[in-house]
Amino acid sequence: SLRLVGSEMCIRDSRKVARVAVVYLAVAWAAAQVADVFVPALGLPEGIMSVVAILALVGFPVALVLGWVFEITPEGVRRTGKPGDRASGRWVSPGTFVAVGAMVAIGFLAGSLFAGGDRGAGEPDLNSMAVAVLPFEVRGVEDEVGFADGVHDDILTQLARIGALRVTSRTSVEGYRNTTKNIRDIAAELGVGSVLEGGVQRTSDRVRINMQLIDGVTDEHLWAETFDRELTAENLFAIQSEIARAVALALETALTAEDESTLAEVPTRNLDALDLYHRARRLMNDVNPEGRWQAIGILETAVELDPGFARAWAELAFARSWAIRMGVAGDTTPAREAMERVLDLAPGSVDAALASGHYLY
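Residues numbered from 1 in each chain as written. Predicted model: local features only at pLDDT ≥ 70, side-chain atom pairs only at ≥ 80, totals over all residues. Heavy atoms only, no water.

Novice: Just checking my understanding: could you explain the overall build of the protein chain for this structure?
Specialist: For the protein chain, the count of helices and strands is 13 helices and eight strands. Taking all 361 residues of the protein chain together, the buried fraction comes to 39%. Expressed as a percentage of contacts within the protein chain between residues at least 6 apart in sequence, the contacts between residues at least 24 apart total 61%. Total accessible area on the protein chain stands at roughly 19,100 Å², and carbon and sulfur atoms take up 57% of it. (Helix = DSSP H or I, 4+ residues; strand = E, 2+ residues; numbered from the N terminus. Buried < 20%, exposed > 50% of the residue type's maximum accessible area, 1.4 Å probe, protein only. Contact = heavy atoms within 4.5 Å. Areas by Shrake-Rupley, 256 points an atom, 1.4 Å probe, with all protein chains shown as cover.)

Novice: Please explain the pattern of salt bridges as it appears in this structure.
Specialist: One side chain can pair with another of opposite charge once the charged atoms of both are near each other. Counted according to the given criterion, the structure contains 16 salt bridges. A salt bridge links Arg208 to Asp228; the shortest N-O distance between them is 3.3 Å. One end of the pair, Arg208, is in strand β7 (residues 206-215); the other, Asp228, is in strand β8 (residues 221-230), and 20 residues separate them in sequence. Exposure remark for Arg208: the relative accessible area of 40% places this residue in the partly exposed category. (Salt bridge = Lys/Arg side-chain N within 4 Å of Asp/Glu carboxyl O.)

Novice: In this structure, what is going on with the environment of Ala248? I would like to understand it.
Specialist: Relative to the helices and strands, Ala248 is located in helix α7 (residues 233-250). Judged by relative accessible area, Ala248 falls into the buried class, the value being 0%. Once the C-alpha coordinates of Ala248 and Ile162 are considered, the two residues, 86 residues apart in sequence, prove to be 8.3 Å apart. Look past the residues within four positions of Ala248 in its chain and what remains in contact with it is Ile162, Thr253 and Leu255.

Novice: Help me out: how do you make sense of a nonpolar patch on the surface in this one?
Specialist: Judged by side-chain polarity, Trp293, Met326 and Val328 come together as a nonpolar surface patch covering roughly 330 Å² of accessible area. Overall, the relative accessible area of 47% leaves Trp293 in the partly exposed class. (Patch = residues over 30% accessible without salt bridge, like charges linked within 9 Å, V, L, I, M, F, W, Y side chains within 5 Å.)

Set out below in structure tokens:
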């Protein structure tokens, strides 16, 4: 008789726990679907979904234990009773839905609080030392796109030469030209902690560059400044160096002596040579055979204007080596001479390494 009563209690409690498990999973699934709709609609961090899922999993065994120890009846919550005690007579009382739903809701709210902080546990895993520089907007004359792209390319180069930073390539950010996506989405897609964007305007004798560094998680400005200077090659490189230092400072990156030396470099003081260099770079980046062949002549003019322009010589070594590799040139002497010129002008530099690599390849 006692064994029969015990068996009946175990069977009854097991069924009750099973019902609680089914209800918990159903409500948790429904809450996840609701969160999936409202998280993006309310602009909440996507990481909140991970927090909700983790809390729902953690709460599941808790719900099972509570379902075994307690039962919810029309009279309220009470410990599991003895055989013969009056039960509710319902499959699962309305109180069960309320209790389980409240547990999931509390998990959702807790996830919101954790995800809402600065780089909390529920936020995307972004590299805080990684930065993406979006293509710059052109302010004023549309024909100045080439100039703006040149400034963009130089700033990419300056930032990439800071050892502690990781800079997304020009090819990767090109797809975000004139994009309507928000900064959070861009940062998540590129896996970067911050995004640098801005605009460039050039007149006959002035250049105006406005920049802003934005946190990829909070969408808040980390730094912003506008530079308005006389248009000279020296001023352009000075602005780019100031931008690189400001970005490093905003990201709490200490610059080494080598970083400072690199940022202080002025590759050329000839503005026309710099414009030709940027024009040739765009042609080389397009991977168009006809354009790359034109780039060789443009770069030859650039190094005639400034024979000490090591970056232009390095690009010329690349272009001439490409011509040999593609079979449109047979004499290796011009490519070797360009490489050797870079080695003389900037021994041990990145430009020298690139020139040598392209020629030897």
